[in-house]
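# Overview (structure and organization)
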Amino acid sequence: MSQMTQEEVRALKTQLETERDNVRKAASDLSQIERNLEKEKDSTIKNERNKIEAAFGKEIKDVEAKIREVNKERQNKKNHEVKSRIENETNPSKERIKALKGEVSNELKAASLPAYCGSLTYHRFFRPSHALDFVLVALMALVFLVGIPFIVTWFIRGQILKYIVFAALDAVFAFIYVLIFSLTRGKDPHALKKVRNTLDDIVREKKNIENAKKRISNDRSEATYGLDEFDEQLKNLEAQKTDINQKCTDALKEFDTVTAVQTGADIDAKYTERLDTYRAALEAAEAKVKELEEQVKNAEESSEYANIG
């Protein structure tokens, strides 16, 4: 083999660098094609899988909407039945209260008593007879004889004036209380006692009504409300929802194990020719680089070249 000049060696090295650039470009192009392949596979498979999930998801949402509708109708039916039950079970007490109020009115007229004698407030504060009545009287005295005067005199300057106002307010409240009490003093005590007993009966009937409302509202049993039809609909809808979920699971499993694999293979086949072309170009460029590297190595090892260097 003839000896190469320095200029020829330099030209050979330049050609080598050019071919190395070609290798890098060919490798980059091949890598890009491979990335495009994987991206298309991932995108296609993901979109197809999402379509399956969306289709079954719509079916599930439709069933859930029906479940909410049936639950709403069921609750409305239950509310109506509970209300009717409360009305039916409390109606005797309501009728009793109405009759007792009539008795109070008749008793007041018969004894020529003022209308306020028919109020429970009057009997509690002016004719106390129960323990609760005496407690309320004590609280009323505390509020009117101490609380209100104290608040009013708080804003008054001058100790003497405070005492005067405090005492005046006590006198006013005491006068009002005695006045109301005196208007019924001497009235038929038997009639007043009978009115109070009747008012106590009214209170008891009202408590019976409240207790009945609480008992019925807290009753967990729904057997008497006629909700079987709604419960059967809900049972069928829940079974339908479960069936759709199972079908969705099966469809996705088949897609992941069969369809996705086939889709990936189809896309691989579409890219095969291009990949082969780019791989061949890369292999050719790598072979050319290897050939040039060998030529440069041989040239540099040449003794004549070494002497020229």
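Above this text you will find the structure in question.
Let me sum up the structure you'll find in this document. What you see is a predicted model, and the numbers here were worked out from it, not measured in a lab.

Per the stated rule, a full pass over the model turns up 28 salt bridges. Between Asp200 and Arg196 there is a salt bridge, with its nearest N and O atoms 3.0 Å apart. With a gap of 4 residues between them, Asp200 and Arg196 both fall in helix α5 (residues 189–218), about one helical turn apart. Using a relative accessible area of 11% as the deciding quantity, one classes Asp200 as buried. One network of salt bridges, with partners in common, ties together Arg74, Lys78, Glu222 and Asp231.

Position of Lys41 among the secondary structure elements: in helix α1 (residues 6–110). A relative accessible area of 14% means that Lys41 is categorised as buried. Side-chain polar atoms of Lys41 contact the side chain of Asp268, separated by 3.4 Å. Each residue touching Lys41, except ones within four places of it in the same chain, is listed here: Gly264, Ile267 and Asp268.

This part covers the side chain of Arg85. Locating Arg85 in the fold gives a position in helix α1. When its relative accessible area of 18% is taken as the criterion, Arg85 is described as buried.

So, on to the packing of aromatic side chains. In this structure the tally under the stated criterion is 5 aromatic pairs. Centroid distance Phe126 to Tyr177: 4.5 Å. Interplanar angle 20°. Geometry classified as stacked. Taken together, the positions of Phe126 in helix α2 (residues 120–126) and Tyr177 in helix α4 (residues 159–184) put the pair 51 residues apart, joining distant regions of the chain. Considering the side-chain rings of Phe150 and Trp154, the 5.8 Å spacing of their centres and the 50° angle between planes classify their relative orientation as tilted. Of this pair, Phe150 and Trp154 both sit in helix α3 (residues 131–154), 4 residues apart, which is roughly one turn of that helix. For Phe150, a relative accessible area of 47% gives the class partly exposed. Ring pairs connect the aromatic residues Tyr116, Tyr122, Phe126 and Tyr177, which therefore count as one cluster. Of note, Arg274 hangs over the ring of Tyr271, and the distance from its end group to the ring centre comes to 4.4 Å.

Moving on to the nonpolar core. Inside soluble globular proteins, nonpolar side chains tend to come together where they are buried. By size, the foremost hydrophobic cluster in this structure holds 18 residues, and its most contacted members are Leu108, Leu113, Cys117 and Leu199. When residues in this core are grouped by element, the largest group, 6 residues, is from α5. Setting aside chain neighbours within four positions, we find Leu108 in contact with Leu113, Pro114, Ala115, Cys117, Gly118 and Val195. In terms of nonpolar packing, the next biggest core, distinct from the first, is built from 16 residues, Ile60, Val70, Ile216 and Phe230 among them.

All right, on to α3 then. With 24 residues, α3 ought to run about 34 Å at 1.5 Å a step, and its terminal C-alpha atoms sit 33 Å apart, in line with that. The largest bend in α3 amounts to roughly 35° and is located at Val143. Of the residues making up α3, those classed as buried are Asp133, Met140, Pro149 and Thr153.

Positioned with a positive phi, Ser112 is a non-glycine residue whose angle comes to about 55°. Structurally, the position occupied by Ser112 is in the loop between α1 and α2.

Scoring rules and cut-offs
- All residue numbers here refer to positions counted from 1 along the written sequence of the relevant chain.
- Under the rules for a predicted model, residues below a pLDDT of 70 receive no local features and side-chain atom pairs below 80 are neither given nor counted, while totals for whole chains, interfaces and linings still include all residues.
- Computation of side-chain values: all heavy atoms of the structure, hydrogens and water removed.
- Should a side-chain nitrogen of Lys or Arg be within 4 Å of a carboxyl oxygen of Asp or Glu, the pair is scored as a salt bridge.
- Numbering of helices and strands runs from the N terminus; a helix is a DSSP stretch of H or I covering at least four residues, while a strand is a stretch of E covering at least two.
- When a residue's accessible area, from a 1.4 Å probe over protein chains only, is under 20% of the maximum for its type it is buried; when over 50% it is exposed; and in between it is partly exposed.
- N or O atoms closer than or at 3.5 Å make up a polar contact, with two conditions inside protein: a donor-capable atom paired with an acceptor-capable one, and, for residues adjacent in sequence, both atoms drawn from side chains.
- Whether two residues are in contact is decided by their heavy atoms, any of which lying within 4.5 Å being enough.
- Centre distance within 6.5 Å is the pairing criterion for rings of Phe, Tyr and Trp, where only the six-membered ring of Trp is used; planes under 30 degrees apart are then read as stacked, over 60 as edge-to-face, and the remainder as tilted.
- A positively charged side chain is recorded as over a ring if its NZ (Lys) or CZ (Arg) lies within 6 Å of the ring centre. The angle to the ring normal must also be within 35 degrees.
- We call a set of buried Ala, Val, Leu, Ile, Met, Phe, Trp, Tyr and Cys residues a nonpolar core when their side-chain atoms join them within 4.5 Å.
- One less than the residue count of a helix, multiplied by 1.5 Å, gives the span that helix is expected to have.
- Bend at a given residue is defined as the angle between two axes, one fitted to the seven residues that end at that position and one fitted to the seven that begin there.

By themselves these figures say nothing about function.
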